[in-house]
Amino acid sequence: MLPVALPRIVHAAVSLFYPPTCAVCSASVEDLEYLCPDCRARAPRVVAPFCAKCSEPFPAAITQTFSCANCENRKLHFDCAVAAYRSRGLVRKVLHQFKYGKQRHLRLPVAGWLRESLSDPRLRGRHFDVVVPVPLHPARERERGFNQAALIAELLAASTTVPVRPVLERIRYTTTQTAYDRAERMENLHGAFRLRKNRDVRGLHVLLIDDVLTTGSTLSECARVLRAAGAISVHAATAARA
Ligand SMILES: [Zn+2]
Ligand SMILES: [Zn+2]
């Protein structure tokens, strides 16, 4: 795959030998795009009804009083966490290639999915002072070569006037979360993040960014730290929801 950081003219020259193809189906695509229109259209969306707080989809035909199994019996410290897409099928595959396959160019479609979350009524028209990516532990970032949340946060912020500020740091290298249930995830993450030295979020409205929302534990722990440091509000947006 071609790094998009190449100057366009070099990119165009290389493209003569390696015509750009869709990252999913290998159909040919326009220059500097990585998904064909068919694959874009196949990305599964989060459809209503879903939880207003954590966006967990509910089974169809529920009553107004349905309580969210993901939110009940715990405190989530963000105002809400929003995603427009499900981390299923094609979306899951692209996210996986981006994050674990080190295919940095896939930040473009992933940031596109993230951007769509801003059209959600819970975020649309809302004022944010700062965009904050969920940090990786430095050892993991070195191993991966980048922080996927920071890459997509930068692309998102580039289309707005809100600055990206990596004000958080991850101070504990936590084991992978996937084997844990909700309560264990929360416990495992406690104390994993802190505000960086000489950073100030007092009085700020924060938009917190990550690639995927699973149970919301990571976003909640980051939001807890930001609020404790004086942030007025913390809304979260992700490219996809598990
Ligand atoms: Zn395709
Ligand atoms: Zn919920």
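Residues numbered from 1 in each chain as written. Chains lettered and ligands numbered in written order. Predicted model: local features only at pLDDT ≥ 70, side-chain atom pairs only at ≥ 80, totals over all residues. Heavy atoms only, no water.

1. Re the packing of helix H7 (residues 182–189) against helix H8 (residues 217–228)
(1) Moving on: Their axes nearest at 9 Å, the elements H7 and H8 cross at an angle of 40°. One way to sum up the angle between H7 and H8 is to call them oblique. Taken as a pair, H7 and H8 cross one another with a handedness that is right-handed. Across from Arg182, Arg185, Met186 and Leu189 in H7, the residues of H8 making contact are Ser217, Thr218, Ser220 and Glu221.
(2) Moving on: Tallied by class, the residues present in the contact of H7 with H8 amount to 2 nonpolar, 3 polar and 3 charged. (Axes fitted to C-alpha atoms, helices over the stretch in contact; angles between N-to-C directions. Helix = DSSP H or I, 4+ residues; strand = E, 2+ residues; numbered from the N terminus. Parallel < 35°, antiparallel > 145°, perpendicular 65-115°, else oblique. Left-handed = near helix turned anticlockwise from the far one by under 90°. Contact = heavy atoms within 4.5 Å. Nonpolar A, V, L, I, M, F, W, Y, C, P; charged D, E, K, R; others polar.)

2. Let's talk about the sheet that holds strand S5 (residues 205–213)
(1) Moving on: Taken in spatial order, the 4 strands make up an open sheet running S1-S6-S5-S2, and their pairing is parallel. Strand pairing shows two members of the sheet lacking a second neighbour, strand S1 (80–83) and strand S2 (130–133), which therefore form its edges. This sheet shows a mean twist of 25° between the axes of neighbouring strands, independent of strand direction.
(2) Moving on: In this structure, S2 lies alongside S5, joined through 4 bridges in parallel fashion. When the sheet's bridge partners are listed, Val130 is paired in S5 with Val206.
(3) Moving on: Strand contacts of helix H4 (residues 107–117): S1, S5 and strand S6 (233–241), with the helix running at about 135° to S6, the strand carrying the most contacts. (Pairing = 2+ DSSP bridges.)

3. Structural notes on the coordination of the zinc ion (ligand 1)
(1) Moving on: For the zinc ion (ligand 1), the full set of protein donor atoms is Cys22 (SG), Cys25 (SG), Cys36 (SG) and Cys39 (SG), and the range of their distances to it is 2.3 Å.
(2) Moving on: On the primary sequence, the residues serving as donors to the zinc ion (ligand 1) are separated as C-x2-C-x10-C-x2-C. Highlighted residues: Cys22 in the loop between helix H1 (8–15) and helix H2 (37–42) and Cys36 in the loop between H1 and H2, separated in sequence by 14 residues. Across the pair, Cys36 and Cys22 agree in class, each one buried. (Donors = N, O, S within 2.8 Å, 3.2 Å for Na, K, Ca; no water. Buried < 20%, exposed > 50% of the residue type's maximum accessible area, 1.4 Å probe, protein only.)

4. A few points about helix H6 (residues 148–158)
(1) Moving on: Most of H6 is tucked away, with 8 of its 11 residues classed as buried.
(2) Moving on: Within the sequence span of H6, burial applies to Gln148, Ala149, Ala150, Leu151, Ile152, Ala153, Leu156 and Ala157.
(3) Moving on: In this fold, the buried residues of H6 make contact with helix H3 (89–99), H4, S2, helix H5 (138–144) and S5.
(4) Moving on: One side-chain oxygen at the N-terminal end of H6 lies 2.9 Å from the backbone nitrogen of Ala149; it belongs to Asn147. (Polar contact = N/O pair within 3.5 Å; in protein donor to acceptor, adjacent residues only side chain to side chain.)

5. What about the coordination of the zinc ion (ligand 2)?
(1) Moving on: Taken together, the protein ligands of the zinc ion (ligand 2) are Cys51 (SG), Cys54 (SG), Cys68 (SG) and Cys71 (SG), with distances of 2.3 to 2.4 Å.
(2) Moving on: Classification of the site at the zinc ion (ligand 2) as tetrahedral follows from its 4 donor atoms and the range of 101 to 120° in their angles at the metal.
(3) Moving on: When the donors of the zinc ion (ligand 2) are listed by position in the chain, the intervening gaps give C-x2-C-x13-C-x2-C. In this pair, Cys51 is assigned in the loop between H2 and S1 and Cys71 in the loop between H2 and S1, connecting sequence segments 20 residues apart. Across this residue pair, the class does not change: Cys51 and Cys71 are buried. (Tetrahedral: all angles 85-135°; square planar, octahedral: opposite > 155°, others 65-115°.)

6. Side note on the layout of surface pockets
(1) Moving on: If you add up the space inside the second largest pocket, you get close to 210 Å³.
(2) Moving on: Around the second largest pocket, the lining comprises 14 residues; the ones closest to its centre are Pro135, Glu141, Asn147, Pro166 and Arg196.
(3) Moving on: At the level of elements, H5, H6 and strand S3 (168–170) are the ones that each hand at least two residues to the lining of the second largest pocket.
(4) Moving on: Per-element accounting of the lining of the second largest pocket gives the leading share, 3 residues, to S3.
(5) Moving on: When grouped by side-chain class, the residues that make up the lining of the second largest pocket number 8 nonpolar, 1 polar and 5 charged. (1 Å grid on protein atoms, 1.4 Å probe; cavity = no way out; pocket = protein on both sides within 12 Å on 5 of 7 lines; lining within 4 Å. Points joined across faces, edges and corners; volume = space filled by probe spheres on them.)

7. Notes on the nonpolar core
(1) Moving on: Core analysis: the largest hydrophobic core is formed by 40 residues, its most contacted members being Val94, Val110, Trp113 and Ile209.
(2) Moving on: Going through the elements one at a time, S1, H3, H4, H6, S5 and S6 are the ones with two or more residues in this core.
(3) Moving on: Once residues within four sequence positions are removed from consideration, Val110 is found in contact with Val94, Leu95, Phe98, Ile152 and Ala239.
(4) Moving on: By size, the runner-up hydrophobic cluster in this structure holds 28 residues, among which are Cys51, Ala81, Val130 and Ala192. (Core = buried A, V, L, I, M, F, W, Y, C linked by side-chain atoms within 4.5 Å.)

8. Here we look at the side chain of Asp211
(1) Moving on: Among the structural elements, Asp211 can be located in strand S5.
(2) Moving on: The exposure class assigned to Asp211 is buried, which follows from its relative accessible area of 3%.
(3) Moving on: In terms of polar contacts, Asp211 uses its side chain to reach the side chain of Lys99, at 3.0 Å.
(4) Moving on: Apart from the residues lying within four places of it in its own chain, the contact partners of Asp211 are Leu95, Lys99, Gln148, Ile152, Thr238, Ala239 and Ala240.

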